[in-house]
Amino acid sequence: MRITNESIADVAVTVMTNDHRKLQTSVPMAGRSGAAETLRRIVTTPGPSVVTLSAPLGAGKTFFLDTVFGEMYRELAFPVDDNRYRVQATEEEIPPADHPERRVVERVREALGGASPEHPRVLVIEELDRKGDYEVLLWTVAQGLEWLADAGDATLILTGDGFIFHPEVVEALRTSGLPATTIDLEPLDEDLMCDALALRFQQAILRQNPAREPDEEGLAAARAVLRHRPVATAVVPPSDPAAANFREAFGLLRLWTDNIERAVPGIEFPASLIDLTAEDPPLFDVPAQRVDQWLIARVREELASSRPMTPITIEELRQAEGSDLDDEDLFDEVIWPMNNAQMLVPLGIPFLGPDGPDPELDMPAPFLP
């Protein structure tokens, strides 16, 4: 067998990475071919267009875009460096309202001033996330739409989490009159994770360059890594809807690869590796403690019965807390601290407003553990 614990450990720094740009390495993309084809078609179709790409943090949005534009560069001679520009919708990237360099439109026009007229121009606005500043997020979207309105053959790509479906963003897209398409990325499940691992093993260990499709040897190695059910569950937690992401999955595998037994024949990622990532439980006040204990019991029951973790409603949290907290106190004493401790993930569309964080609006139910 050519793929073993030792050979995986030797290439772990590139195989188990979710930051290929930082390492200046190329890793193949698994799945998502339909989404890739849709993006290519939109970008290469004459006229202005908007693409929205919404997925949780770490789901691979930037990696997806880099892969698609890399393929367009190789296959269609698309001048990525000259015809694509990125803006991050953050306070660091977009100055305060009274700053003379606040406007984004002029910056984009200048950056794309040397763009090839034979190819469309592309503006990517990233970080449209619920963690951002409300004013900055909406301002940047408006600036992107203003640029696109007179850009001709161009595409505006908006990436972020559920904030992209904020009513004011939806209304801005509607009133612009510009054609808009939502691209959904294939969610991460165990099969997609195996495909991703197989392709990386094939490229880094078997020296298939490029590795385009998972083959029998690569898939066998990937399945061996996730052979033990606790390991597979930790890497790709089953939930409905899916909430697993590549960033956390490869982060876990990178840590574990540093601690596997290199000398064993074949591949063995034992369940004991999970102990390496065990942490002391968060110290919550009494209301959240009760919900925490209930949440752990619920997850154990669902996983033991091979059921995916299911969303949790406000009413279920209220019953688990067991007292008569009103909505405001429930958010302040239970949901807010448990979200900060990454024990609860909100699934609803965030309705954050200009008056600052509001847990009931910023972290809407339902939740996943």
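For the structure itself, look to the data block above.
Each chain carries its own residue numbering, running from 1 in the direction its sequence is written. Residues qualify for local features only when their pLDDT is at least 70, as the model is predicted, and side-chain atom pairs are given and counted only at 80 or more; totals for whole chains, interfaces and linings, by contrast, use all residues. Side-chain metrics rest on all non-hydrogen atoms present in the structure, leaving aside hydrogens and water.

(A) Focus on the nonpolar core. Nonpolar core, defined: a set of buried Ala, Val, Leu, Ile, Met, Phe, Trp, Tyr and Cys residues in which side-chain atoms within 4.5 Å join the residues together. Residue exposure (1.4 Å probe, protein chains only): buried if accessible area is under 20% of the type maximum, exposed if over 50%, otherwise partly exposed. Judged by nonpolar contacts, the single largest core of 40 residues is most densely connected at M193, F201 and L253. Numbering goes from the N terminus for both helices and strands, where a helix is a DSSP run of H or I of at least four residues and a strand is a run of E of at least two. Counting only elements with at least two residues in this core, the list comes to α2 (12–15), α10 (190–204), α11 (216–225), α12 (229–235) and α13 (246–257). At nine residues, α10 tops the list of elements feeding residues into this core. Non-local contacts of F201, meaning those with residues more than four positions away in its chain, are made with I3, I8, V15, M16, L206, G218, A221, A222 and V225. Of all hydrophobic cores here, the second largest spans 29 residues; its members include V50, A89, V108 and L138. Contact criterion: two residues are considered in contact whenever any of their non-hydrogen atoms come within 4.5 Å of each other.

(B) Representation of the sheet that holds strand β2 (residues 84–88) within the structure. In this description, strands pair whenever DSSP reports at least two bridges between them. Spatial strand order, β2-β3-β4-β1-β5: five strands in an open sheet with parallel pairing. The open sheet has two edge strands, β2 and β5 (180–183), and neither has a second partner. Shown here is a sheet whose adjacent strand axes are inclined to one another by a mean of 20°, direction ignored. Judged from the six bridges that link them, strand β3 (residues 121–128) and strand β4 (residues 154–160) form a sheet pairing that is parallel. Across the sheet, the residue bridging to L123 is L156, located in β4. Lines are fitted to the C-alpha atoms to define the axes, a helix being fitted only along its stretch in contact, and any angle between axes, read from their N-to-C directions, falls within 0 to 180 degrees.

(C) α10, seen in detail. To estimate the expected span of a helix, count its residues, drop one, and scale the result by 1.5 Å. Helix length check: α10, at 15 residues, gives a terminal C-alpha distance of 21 Å against a target of 21 Å (1.5 Å per residue), a fit within 8%. Across the 15 residues that make up α10, a large majority, 12, are buried. Taken residue by residue, α10 has L192, M193, C194, A196, L197, A198, L199, R200, F201, Q202, Q203 and A204 as its buried positions. Looking at the buried residues of α10, the elements they touch are α1 (5–10), α2, α11, α12 and α13. The term polar contact refers here to a pair of N or O atoms within 3.5 Å; inside protein, the definition further demands a hydrogen-donor-capable atom paired with an acceptor-capable atom, and it admits residues adjacent in sequence only when both atoms are side-chain atoms. Its side-chain oxygen at 3.3 Å from the backbone nitrogen of D191, D189 defines the N-terminal cap of α10.

(D) Quick peek at the packing of helix α14 (residues 286–304) against helix α15 (residues 314–321). The geometry of α14 relative to α15 is characterised by a closest axis approach of 8 Å and an angle of 110° between their N-to-C directions. When the interaxial angle is binned, α14 and α15 end up roughly perpendicular. The handedness of the crossing between α14 and α15 comes out as right-handed. Contacts between α14 and α15 involve P287, R290, V291, W294 and R298 from the former and E316, L317, A320 and E321 from the latter. Comment on the angle field: the value is read as roughly parallel under 35 degrees, roughly antiparallel over 145, roughly perpendicular from 65 to 115, and oblique elsewhere. Handedness of each helix crossing follows the sense of rotation of the near helix against the far helix: counterclockwise by less than a right angle gives left-handed, clockwise gives right-handed.

(E) Region of the structure containing the packing of aromatic side chains. Pairs were defined over the aromatic rings of Phe, Tyr and Trp, the Trp ring being its six-membered one, requiring ring centres within 6.5 Å. Orientation was assigned from the angle between planes: stacked under 30 degrees, edge-to-face over 60, tilted for the rest. Enumeration according to the criterion identifies two aromatic pairs in this entry. When the ring of F69 is compared with that of F78, the centres are 5.7 Å apart and the planes differ by 35°; the resulting orientation is tilted. Grouping residues by exposure puts F69 and F78 together as buried. For the pair F246 and F250, a centre-to-centre distance of 6.0 Å together with 15° between the ring planes defines the contact as stacked. Within this pair, F246 and its partner F250 are both found in helix α13, separated by four residues, close to a single helical turn. Here F246 matches F250 in class, with each residue buried.

(F) The arrangement of the environment of C194 in detail. You can see C194 is positioned in helix α10. C194 sits in the buried class, given a relative accessible area of 8%. Considered as a pair, C194 and V225 are 31 residues apart in the sequence and their alpha carbons are 8.8 Å apart. C194 has contacts with L219, A222, R223 and L226, leaving out every residue within four places of it along the chain.

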